[in-house]
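# A closer look at the structure
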Amino acid sequence: MLTMPLVAWGCLNLLFSTWLGTVILCDKIEEKIGLPCRLKSVTWSPWSGVTASEFRVFAPDQLEKEEAILAVGETRIDMSWSSLLKGKKCWERLEVDQLELDVSLEVLSGILGRSMATPSRQEPAARPIDEDYLSAPGPSEKSEDQSVNVPPLAREDVPVGVDHENPSSTAAEDFEGVVILSNARVKIYSERAPTLFLTLEKIEGEIPLWGGSREGELSCEKIEISEVVSEVGFSIPLLWRNDAVSVVEQSLKVFGLDLQLSAAVKVTAGFPAGFQIKLPEQQIDLSSVFRERKSPLSVGSLTSRSRLQGFLSFPASFKGSSVTRFEDLVIEDPRDEGDMRFDRGVAIFVVSAAGIVARDIRAVGEQDAVLANGFASAKGEAAATVRIVSSPDRAESHAKRVRMAHGNLLMEFQPLITPDREFRDIRIEARDGTLIMDLGEDRSWVSFLAAAKAILGQQNTDLTNLP
């Protein structure tokens, strides 16, 4: 009687350790996530569970190059036999070792564009994450959002055909599981600007799932931005409650900023998720960021709130907004300690799968004002208009500074309606994957990054006119 199960077990292990078996599994996974993948081998036994080795996920056009955007060294799953007998798909322990996410913004944009063009075959039958899982805004925050007319994250975010009734939980109430994450690393960068990247080193955690309310933890050893700015990592306590993994107003200090992080991911159909980052009113000290150099930027008071909400299994559903207010902003020129001072300002952004829209960016001071709006789409399109309004004396000073930065830069101001103010509109666009601006001689187009480096005092900058 025992011979047949043993033979079946041996044949299955032999099959999934071969190329044919792993291809079968990868085809099933690709149907779910919409991305090609590769797997070295899978083994299973009743006493040690399932072990998958060297799992890799590729962007649609990177499979032949063998450049994985996601790689996992080893995944071990200890299934719960009791939950399987009840028709549940639960595990007692899921271990993910040596996970590495290495992906560019351009690839992410392409993946997002594909997900919008070909909607998921299995749309989530659940509502978005409830606001109760995140911190409730105070009265002052509510009035702030209403005053700038930022649309709430409402249930119109739900994909077509989603059921709005209370979802039935897929978790086993009397069963507890855990996800163990170790030696993980995340890097997000730009192919167009290779020096611009974000890296999170040595991410580890213990994430509780199912059962009664329990606590866990997620930690990161180091955060690095562009090899210039680095920060010691953080540790975030997690809470499992009401079928969701949550972070409730966890205070963090990153790059000199005091943050409050709230997040929740509900373990139900579609995996509804919500994220919020708040910056309580604070004075900004960026000395730890610039290290040996004096910070060219100081802010007397800054407050901000940013939210993002959607379904993890349906990335095109994500929408969000960000409102930032500041006072007493000073920007210093590192070359001669000249400065621009602004008494107050605001920056309002709205983000969706289609891209990001800067609805209103403004900084207003006694002598200068900067007004801007624009957009950047998931397809790589981008455009913005920046208007600088200054007194005649300040306008002349700005024009001289730009001219001294490079001989091919020119920022001539024009009279505004009132005689005591002049203005200059600067147009910024993305063409063929490169940001350009009309700051050249006779409003010719030049590289945005090259112009910014020249104005900031970097020498030997190529600023030839672009077509």
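## Examining the pairing of strand β12 (residues 297–311)
As defined by bridge partners, strand β11 (residues 272–284) adjoins β12 across 10 bridges and the pair is classed as antiparallel. Following the sheet pairing, Gly-274 is matched in β12 by Gln-309. As defined by bridge partners, β12 adjoins strand β13 (residues 314–332) across 13 bridges and the pair is classed as antiparallel. Pairing of Ser-304 across the sheet is with Thr-324, part of β13. The loop that links β12 with its antiparallel partner β13 comprises 2 residues.

## Examining helix α8 (residues 448–455)
For α8, the complete set of buried residues consists of Ala-450, Ala-451 and Ala-454. Along α8, the residues classed as buried sweep out an arc of 100 degrees about the axis, all on the same side. Where α8 begins, the capping side chain belongs to Ser-447, and its oxygen is found 3.2 Å from the backbone nitrogen of Ala-450.

## Things to note about the confidence of the model for the protein chain
Looking at the protein chain, the pLDDT average stands at 79 and 73% of residues meet or exceed 70. Here residues 4–9 is a poorly scored stretch, pLDDT under 50, and it has 4 contacts once near neighbours within four places are set aside; other chains count. Residue range residues 136–172 is modelled with pLDDT below 50. Its contacts to residues more than four positions away, or to other chains, number 66 contacts.

## Regarding the pattern of salt bridges
Under the criterion given, the structure shown has 19 salt bridges. A salt bridge links Glu-221 to Lys-202, with the shortest nitrogen-to-oxygen separation between them at 4.0 Å. With Glu-221 in strand β7 (residues 214–225) and Lys-202 in strand β6 (residues 197–209), this pair connects stretches of sequence that are 19 residues apart. Residue classification places Lys-202 among the partly exposed residues on the basis of a relative accessible area of 38%. For Glu-249, the salt bridge identified is with Lys-278, shortest N-O distance 3.8 Å. Of this pair, Glu-249 sits in strand β9 (residues 244–254) while Lys-278 is found in strand β11, placing the two residues 29 residues apart along the sequence. The buried category is assigned to Lys-278, whose relative accessible area is 11%. Each of Glu-74, Arg-76, Arg-93 and Glu-95 takes part in one network of salt bridges that share partners.

## Section: the side chain of Asp-97
Relative to the elements of secondary structure, Asp-97 occurs in strand β4 (residues 91–104). Within the local environment of Asp-97, its side chain forms a polar contact with the side chain of Asn-183, the two groups lying 3.1 Å apart. Those residues in contact with Asp-97, other than ones at most four positions away along the chain, are Val-72, Gly-73, Glu-74, Ser-182 and Asn-183.

## Focus: the nonpolar core
Ranked by size, the top nonpolar core spans 47 residues in total, and within it Ile-69 and Leu-209 carry the most contacts. Sequence-distant contacts of Ile-69, defined by excluding residues within four places in its chain, comprise Leu-35, Val-57, Phe-58, Ala-59, Glu-100, Leu-101, Asp-102, Val-103, Val-107 and Ile-111. By size, the runner-up hydrophobic cluster in this structure holds 16 residues, among which are Val-386, Ile-426, Ala-451 and Ala-454.

## Here we look at the packing of aromatic side chains
Taken as a whole and assessed by the stated rule, the structure comprises 0 aromatic pairs. Its end group placed over the ring of Tyr-189, Lys-187 keeps NZ or CZ at 5.8 Å from the ring centre.

## Describing a negative patch on the surface
A surface patch of negative charge is lined by Glu-281, Glu-327, Asp-328, Asp-343 and Glu-366. Considering the arrangement of structural elements, one finds Asp-328 in strand β13. Judged by its relative accessible area of 46%, Asp-328 is partly exposed.

## Describing the side chain of Gln-282
Position of Gln-282 among the secondary structure elements: in strand β11. The buried category is assigned to Gln-282, whose relative accessible area is 8%. Separated by 2.9 Å, the side chain of Gln-282 and the backbone oxygen of Pro-280 make a polar contact.

## Some thoughts on the environment of Glu-422
Locating Glu-422 in the fold gives a position in strand β19 (residues 422–431). Here Glu-422 falls in the partly exposed class, since its relative accessible area comes to 21%. It is 6.0 Å that separates the C-alpha atoms of Glu-422 and Pro-392, two residues lying 30 residues apart in sequence. Each residue touching Glu-422, except ones within four places of it in the same chain, is listed here: Ile-388, Val-389, Ser-390, Pro-392, Ala-395, Phe-413, Gln-414, Pro-415 and Leu-416.

## Quick look at helix α7 (residues 392–405)
Helix length check: α7 (14 residues) gives 20 Å between terminal C-alpha atoms against 20 Å at 1.5 Å per residue, within 8%. Of all the positions in α7, only Ala-395, His-398, Val-402 and Ala-405 are classed as buried. Seen end-on, α7 carries its buried residues on one side only, within an arc spanning 90 degrees. Exposed and oriented more than 90 degrees from the buried face of α7 are Asp-393 and Met-404. The inward-facing, buried residues of α7 abut β14 (339–352), β16 (368–377), β17 (382–390), β19 and α8.

What counts, and where the lines are drawn
Residues numbered from 1 in each chain as written. Predicted model: local features only at pLDDT ≥ 70, side-chain atom pairs only at ≥ 80, totals over all residues. Heavy atoms only, no water. Pairing = 2+ DSSP bridges. Helix = DSSP H or I, 4+ residues; strand = E, 2+ residues; numbered from the N terminus. Buried < 20%, exposed > 50% of the residue type's maximum accessible area, 1.4 Å probe, protein only. Arc of directions from axis to C-beta. Polar contact = N/O pair within 3.5 Å; in protein donor to acceptor, adjacent residues only side chain to side chain. pLDDT = per-residue confidence, 0-100. Contact = heavy atoms within 4.5 Å. Salt bridge = Lys/Arg side-chain N within 4 Å of Asp/Glu carboxyl O. Core = buried A, V, L, I, M, F, W, Y, C linked by side-chain atoms within 4.5 Å. Phe/Tyr/Trp six-rings, centres within 6.5 Å; stacked < 30°, edge-to-face > 60°. Lys NZ or Arg CZ within 6 Å of the ring centre and 35° of its normal. Patch = residues over 30% accessible without salt bridge, like charges linked within 9 Å, V, L, I, M, F, W, Y side chains within 5 Å. Areas by Shrake-Rupley, 256 points an atom, 1.4 Å probe, with all protein chains shown as cover. Lys, Arg positive; Asp, Glu negative; His and termini not counted. Charge placed at Lys NZ, Arg CZ, Asp CG, Glu CD. Expected span 1.5 Å × (residues − 1).

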